[in-house]
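Spelled out from the first residue to the last, the chains are:
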Amino acid sequence: MTENTKSKDLKTEPSEKKDKEAEPVKKTQGQLLQEALGLKPKDIQEIEKKLFISRFLDYFSEETLDFIYKDRSIEQYKNEIQNFLATVDKEEDKLLKRNFEDKQIIETIYQLKKKGEDIALMQGFKQPVDKRLRKLSLITTLPMFVILLVLMTVFMGAMAELIWVFIPLSCVLCMVPQLVRGAILRKWYAFKEENKNSFYSENREEIMILKTFTGEVLNNIRSGLLDMKVPLQLIKFVLHSRDYENLKLINQRTVRGSAQYFFSFEYPEGMEPFPIPELLLQQFKQLPSEIKKKTKPEKNFIVLTELIGKNGVLSNFVPSLKSALADKINNLLNSCDFAEAPKNLNEIMPNLENTPIFCVCGEVAEFNSIQICNWKNQFKFYLFEGQECKCGEKIYILSLMDEDVDIPEELKDIFSS
């Protein structure tokens, strides 16, 4: 989507403001659940943080080699988990914290990471593959473009005659970094495939410690949802294994040799499912053909919090619904200039397949536009526009571009957890 189209979509024109104010406010699923079931925002946040812990531990135990040499990322995961466990006050959560400490989860993570690094070092991998890709991309790209620039300068007078040479030469220079990247990735995936099973077998005891605790976290979440009478069919998440109890498999797929399973929680045997609140049920029952096209579509805003990211690459995050701040976010966007992001979705969110973002109806969201928003030439952030879901809704994701960026004081309530 072009910059002009985006700014027109998101900025409220003066002639439209009066009509917009007259429209009834449509609540998101999170708001409806809170109102219908008497939930508090803190309840939803605790669920999200516990799912964050379980997804990380499950991913690490299944794909430990993906985390070798990533000391800073592991440290950030550790801090996120410990900070959350330090704030728990319910007895069942305190038990979870004690088990976390007794099982020495952090120590086990570092032990497995070190063993993975020892194997990688023996086979020629001395740094994370993504870091190696960035370095080699820079090394191969810059000299080639310098050569091209020199040739263009030297033969400037004969450009018209030599254009047939420069065009294919430019294509070749653009292809070389991609070929190098492909070769590195193939080598990396081959290394993982060759060592994954043996690594799992040789370190099964430590891996099972992580998996056992992951199962405890998932059961803790499920028990809490049952106590709050939350319809379990509304809570969906992705894991890399099927080694846990009380889960209902929704779908599965394989991405680059790695399995991904889409789950919801299973009800106890003999227990009738909690009814979905009527307003949400009506939304689920709507067929795409019955959904009326809106001239002014609703804006469902989600902000990526608990961010782990650097230089525009977001390696992990927790999606937080910010619909209560929709007016303030719209005002923020009205004050921004928009530019297309120079990177694609896979480059910005390399782990999106492992931590998908869901529409307000619970379906996995797809995205068709990424913008960099420039607020008053003081602060830049990402805006991801979701494709229209089959429920008729679209979501918009806001995110910092770097975990260490300074957030303006007036915007901290939007971008903070």
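Just so we're clear, the structure is a prediction, and the values are computed from it rather than from any experiment.

About the criteria used
One numbering rule holds for all chains: residues counted from 1, following each sequence as written. Where local features are concerned, this predicted model is filtered to residues with pLDDT of at least 70; where side-chain atom pairs are given and counted, the filter is 80 or more; whole-chain, interface and lining totals use all residues. Based on all heavy atoms of the structure, the side-chain values leave hydrogens and waters out of the count. Secondary structure counts use DSSP, requiring at least four H or I residues in a row for a helix and at least two E residues in a row for a strand, with both numbered from the N terminus. Only protein chains enter the accessibility calculation, which uses a 1.4 Å probe. A residue is then buried if its area is under 20% of the maximum for its type, exposed if over 50%, and partly exposed in between. The criterion used for residue contact is that any of the two residues' heavy atoms lie within 4.5 Å. Note that accessible areas follow from Shrake-Rupley with a 1.4 Å probe, and for residues the cover is restricted to the protein chains shown. One bridge is not enough; two strands pair if DSSP finds at least two bridges between them. A fitted line through C-alpha atoms serves as each axis, taken over the contacting stretch for helices, and the angle formed by two N-to-C directions is quoted from 0 to 180°. Nine residue types can take part in a nonpolar core, namely buried Ala, Val, Leu, Ile, Met, Phe, Trp, Tyr and Cys, and a core is a set of them joined through side-chain atoms within 4.5 Å. A carboxyl oxygen of Asp or Glu within 4 Å of a side-chain nitrogen of Lys or Arg is what we treat as a salt bridge. Only the six-membered ring of Trp is used, alongside the rings of Phe and Tyr, when aromatic pairs are assigned; centres must lie within 6.5 Å, and planes under 30 degrees apart are stacked while those over 60 apart are edge-to-face, with the rest tilted. Remark: a charge is flagged as sitting over a ring if the NZ atom of Lys or the CZ atom of Arg is within 6 Å of the ring centre and within 35 degrees of the ring normal. When an angle is under 35 degrees it counts as roughly parallel; over 145 it counts as roughly antiparallel; between 65 and 115 it counts as roughly perpendicular; any other value is oblique. The handedness criterion is simple: a crossing whose near helix is rotated anticlockwise from the far helix by less than a right angle is left-handed, and one whose near helix is rotated clockwise is right-handed. Residues are sorted three ways: Asp, Glu, Lys and Arg are charged, Ala, Val, Leu, Ile, Met, Phe, Trp, Tyr, Cys and Pro are nonpolar, and all the rest, Gly among them, are polar. A helix is expected to span 1.5 Å for every residue after the first. Pairs of N or O atoms within 3.5 Å make up the polar contacts considered here, provided that, within protein, one atom can donate a hydrogen while the other can accept it, and that residues adjacent in sequence are counted only when both atoms are side-chain atoms.

### Describing the overall build of the chain
- For the chain, the helix and strand inventory stands at 14 helices and nine strands.
- Put simply, the chain has 417 residues, and 46% of those count as buried.
- The long-range fraction of contacts in the chain, counting pairs at least 24 apart against all pairs at least 6 apart in sequence, stands at 71%.
- Accessible surface, the chain: about 22,400 Å² in total, of which carbon and sulfur atoms supply 54%.

### Things to note about the pairing of strand β5 (residues 313-321)
- Of the strand pairs in this sheet, strand β4 (residues 300-310) and β5 are connected by seven bridges, and their pairing is antiparallel. When the sheet's bridge partners are listed, G309 is paired in β5 with L314.

### Topic: the sheet that holds strand β6 (residues 336-340)
- Here we have six strands laid out as an open sheet, ordered β5-β4-β9-β8-β7-β6, and mixed in their pairing. Both edges of this open sheet fall to β5 and β6, since each of them pairs with a single strand only. Recorded for the sheet is a direction-independent mean angle of 30 degrees between the axes of neighbouring strands.
- Where strand β7 (residues 367-375) lies against strand β8 (residues 379-386), eight bridges are found, and the strand directions are antiparallel.

### Digging into the nonpolar core
- Of all hydrophobic cores here, the largest spans 54 residues; its most connected members are F56, I109, L225, F237 and F265.
- Listing elements by their share of this core, those giving two or more residues are α4 (41-62), α5 (71-85), α6 (91-102), α7 (105-122), α9 (159-202), α10 (204-227), β1 (236-239) and β3 (258-265).
- Discounting chain neighbours no more than four positions away, the residues touching F265 are L218, I221, R222, L225, L232, I235, F237, N246, L247 and K248.
- One finds L333, I348, F384 and M401 within the second-largest nonpolar core, a separate group that totals 41 residues.

### Describing the pattern of salt bridges
- Following the criterion strictly, the structure yields 22 salt bridges and no others.
- When the shortest N-O distance is used, the salt bridge between E403 and R72 registers 3.0 Å. Note that E403 is positioned in the loop between β9 (395-399) and α14 (412-415) and R72 in helix α5, a separation of 331 residues in sequence.
- Since its relative accessible area comes to 43%, R72 is described here as partly exposed.
- Several salt bridges share partner residues, and in doing so they unite R72, K310, D402, E403 and D404 into one network.

### So, the packing of aromatic side chains
- This model, assessed by the stated rule, comprises 19 aromatic pairs.
- Ring centres 4.0 Å apart and planes at 10 degrees place the aromatic pair F56 and Y77 in the stacked group. Here the residue F56 occupies a position in helix α4, and Y77 occupies one in helix α5, the gap between them amounting to 21 residues. Of the two residues, F56 and Y77, neither departs from the other in class, the shared state being buried.
- Connected via pairs of aromatic rings, a cluster forms that spans F52, F56, Y59, F60, F67 and Y77.
- Between the NZ or CZ atom of K187 and the centre of the ring of F125, over which it lies, the distance is 5.6 Å.

### Thoughts on the environment of I105
- By secondary structure assignment, the location of I105 is in helix α7.
- Distance from I105 to E206, taken between C-alpha atoms, is 9.2 Å for residues 101 residues apart in sequence.
- Apart from residues no more than four positions distant in its own chain, I105 is found in contact with L57, F100, I209, L210 and F213.

### Quick look at the packing of α4 against α10
- Running from amino to carboxyl end, α4 crosses α10 at an angle of 155 degrees, the nearest separation of the two axes being 9 Å. Our classification of the angle between α4 and α10 gives roughly antiparallel. The two elements α4 and α10 cross, and the hand of that crossing is left-handed. Along the contact surface, α4 presents I47, K50, L51, I53, S54, L57, D58, F60, S61 and E62, while α10 presents I207, L210, K211, F213, T214, V217, L218, N220, I221 and L225.
- Here the residues of the contact of α4 with α10 sort into 12 nonpolar, four polar and four charged.

### Section: α5
- Taking 1.5 Å as the rise per residue, α5 with 15 residues should run 21 Å; its terminal C-alpha atoms sit 21 Å apart, in good agreement.
- For α5, the full list of buried residues reads S73, I74, Q76, Y77, K78, I81, F84 and L85.
- In the core, the buried residues of α5 are packed alongside α4, α6, α7, β4 and β5.

### With respect to the side chain of T305
- The residue T305 is located in strand β4 in this model.
- A polar contact of 2.8 Å, which involves the side chain of T305, links it to the side chain of S320.

### So, α4
- The terminal C-alpha atoms of α4, which comprises 22 residues, lie 32 Å apart, in line with the 32 Å expected from a rise of 1.5 Å per residue.
- The buried count for α4 comes to 16 of 22 residues, which makes it a mostly enclosed element.

### Quick word on unusual backbone geometry
- A positive phi is found at Q104, a non-glycine position, where the angle reads about 55 degrees.
- By secondary structure assignment, the location of Q104 is in the loop between α6 and α7.
- Classification of Q104 as partly exposed rests on a relative accessible area of 45%.
- Of note, K376 is a non-glycine position whose phi angle comes to about 55 degrees, a positive value.
- By the secondary structure assignment, K376 is in the loop between β7 and β8.

### Some words on the pairing of β7
- Most of β7 sits inside the fold, with eight of its nine residues counted as buried.
- Summarising the sheet, β6 and β7 pair through five bridges and their orientation is antiparallel. Across the sheet, C336 pairs through a bridge with W375, a residue of β7.

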